[in-house]
Amino acid sequence: MATRYLYVVRHAEALPDQSGLSDKGRRQAVSLGQRLQDVPFSSLHHSPLPRAAQTARLVQQELQSEVLLEDSEAAGDYVPYLPTQDELPADSADFLLRFLQQFTAEELESGAELARVALERFTGPVDGNDEQHQLLITHNFLVGWLVRHTLDAPKWRWLALNHCNAALTVLRFAPGRPSSVLIYNDMRHLPADLRWTGFPTDLHI
């Protein structure tokens, strides 16, 4: 087994109707691709939704390698885990559960299965002797799910993690060692006017 470095990105800023990227979003994606130019990626996975697929194409155009795009439902936008009230902190349980009420039972069931597949496909060491660098362009919920898994945090904890558009998180899965978060929600590649999109205004710092 060898080490996996998973570079996780929330798609760039989308248009209001989610049909693709805004002008800001396209600039974000290009800046991200330029930052990642020297990484020897073995794969680039992305959500099938237009905002993520377009982000992936713009990033790919900036990379120095010939890495191919791989569309994956497991990289999509879904609720990865539905907690029960007794799993949640007493002071925020009602707020979190109200937020989750907007999703149907069918969405929650399919999301749980996709989340299981995502952990199998995108986490843990890789087969072989050579370390791999993999890029995953996805959505806010899955970024939180993967980070909380990496830290062995309670399953409900994905709900408390937010990620900016085109920000970078890097996770490391090494044989015989605890998984780790090397970088989280890093926006250093984005000009000041392109930072913090998609993030709750009251949490900007």
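Quick caveat: nothing in here was measured; it's all calculated off a predicted structure.

A. Seen up close, the pairing of strand S6 (residues 180-186). As paired strands, strand S5 (residues 168-173) and S6 are joined by four bridges and run antiparallel to one another. Within S6, the residue paired with Val-170 across the bridge is Ile-183. The hairpin turn running from S5 into S6, its antiparallel successor, is six residues long, and Gly-176 in that turn takes a positive phi close to 75°.

B. Spotlight on the sheet that holds S5. Strands sit in the order S3-S2-S4-S1-S5-S6 across an open sheet of six strands; the sheet is mixed. For this open sheet the edge positions go to strand S3 (69-71) and S6, each flanked by a neighbour on one side alone. Put simply, the sheet's adjacent strands are angled 20° from each other on average, direction ignored. Against the sheet, helix H4 (residues 105-122) touches strand S1 (4-10), strand S2 (41-46), S3, strand S4 (132-138) and S5, its axis set at about 135° to S1.

C. The packing of H4 against helix H5 (residues 140-150), seen in detail. Packing of H4 against H5 brings their axes to within 11 Å, and their N-to-C directions diverge by 55°. Relative to H5, the element H4 lies oblique. Relative to H5, the crossing made by H4 is right-handed. In contact with Ala-115, Ala-118 and Leu-119 of H4, H5 contributes Leu-142, Trp-145, Leu-146, Arg-148 and His-149. Of the residues in the contact of H4 with H5, the class split is six nonpolar, one polar and one charged.

D. Representation of the side chain of Ser-43. Take Ser-43: it is sitting in strand S2. At 3.2 Å, the side chain of Ser-43 and the side chain of His-45 are in polar contact. Not counting residues within four places of it along the chain, the set of residues in contact with Ser-43 comprises Val-67, Glu-70, His-133, Gln-134 and Leu-135.

E. Broad picture of H5. Taking burial as the measure, the 11 residues of H5 include 10 buried ones, the bulk of the element. Residues of H5 that are buried include every one of Asn-140, Phe-141, Leu-142, Val-143, Gly-144, Trp-145, Leu-146, Val-147, Arg-148 and Thr-150, and no others. Check the buried side of H5 and you find it contacts S1, helix H3 (93-100), H4, S4, S5 and S6.

F. View of the pattern of salt bridges. Here the structure, examined in full by the defined rule, presents eight salt bridges. Close ionic contact of Arg-26 with Asp-23 constitutes a salt bridge, the shortest N to O distance being 2.0 Å. Taken together, the residues span about one helical turn, with Arg-26 and Asp-23 both in helix H1 (residues 23-35) at a distance of three residues. When its relative accessible area of 33% is taken as the criterion, Arg-26 is described as partly exposed. A residue is classified by how much of its surface remains accessible, and Asp-23, at 53% relative accessible area, is exposed. Measuring nitrogen to oxygen at the nearest pair gives 2.4 Å for the salt bridge that ties Glu-113 to Arg-116. Of this pair, Glu-113 and Arg-116 both sit in helix H4, separated by three residues, roughly a single helical turn. Note on Glu-113: relative accessible area 39%, which makes it partly exposed. Owing to a relative accessible area of 39%, Arg-116 belongs among the partly exposed residues under this scheme. A single network of salt bridges, built from pairs that share partners, joins Arg-35, Asp-186 and Arg-188.

G. Up close: the environment of Gln-60. Relative to the assigned elements, Gln-60 resides in helix H2 (residues 50-62). Overall, Gln-60 belongs to the partly exposed group, its relative accessible area being 25%. Residues Gln-60 and Gly-33, spaced 27 residues apart in sequence, show a C-alpha to C-alpha distance of 6.7 Å. Ignoring sequence-local partners within four residues, the contact set of Gln-60 consists of Leu-44, Val-67, Leu-68 and Leu-69. Within the local environment of Gln-60, its side chain forms a polar contact with the backbone oxygen of Val-67, the two atoms lying 3.0 Å apart.

Cut-offs and rules
- Residues numbered from 1 in each chain as written.
- Predicted model: local features only at pLDDT ≥ 70, side-chain atom pairs only at ≥ 80, totals over all residues.
- Heavy atoms only, no water.
- Pairing = 2+ DSSP bridges.
- Helix = DSSP H or I, 4+ residues; strand = E, 2+ residues; numbered from the N terminus.
- Axes fitted to C-alpha atoms, helices over the stretch in contact; angles between N-to-C directions.
- Contact = heavy atoms within 4.5 Å.
- Parallel < 35°, antiparallel > 145°, perpendicular 65-115°, else oblique.
- Left-handed = near helix turned anticlockwise from the far one by under 90°.
- Nonpolar A, V, L, I, M, F, W, Y, C, P; charged D, E, K, R; others polar.
- Polar contact = N/O pair within 3.5 Å; in protein donor to acceptor, adjacent residues only side chain to side chain.
- Buried < 20%, exposed > 50% of the residue type's maximum accessible area, 1.4 Å probe, protein only.
- Salt bridge = Lys/Arg side-chain N within 4 Å of Asp/Glu carboxyl O.

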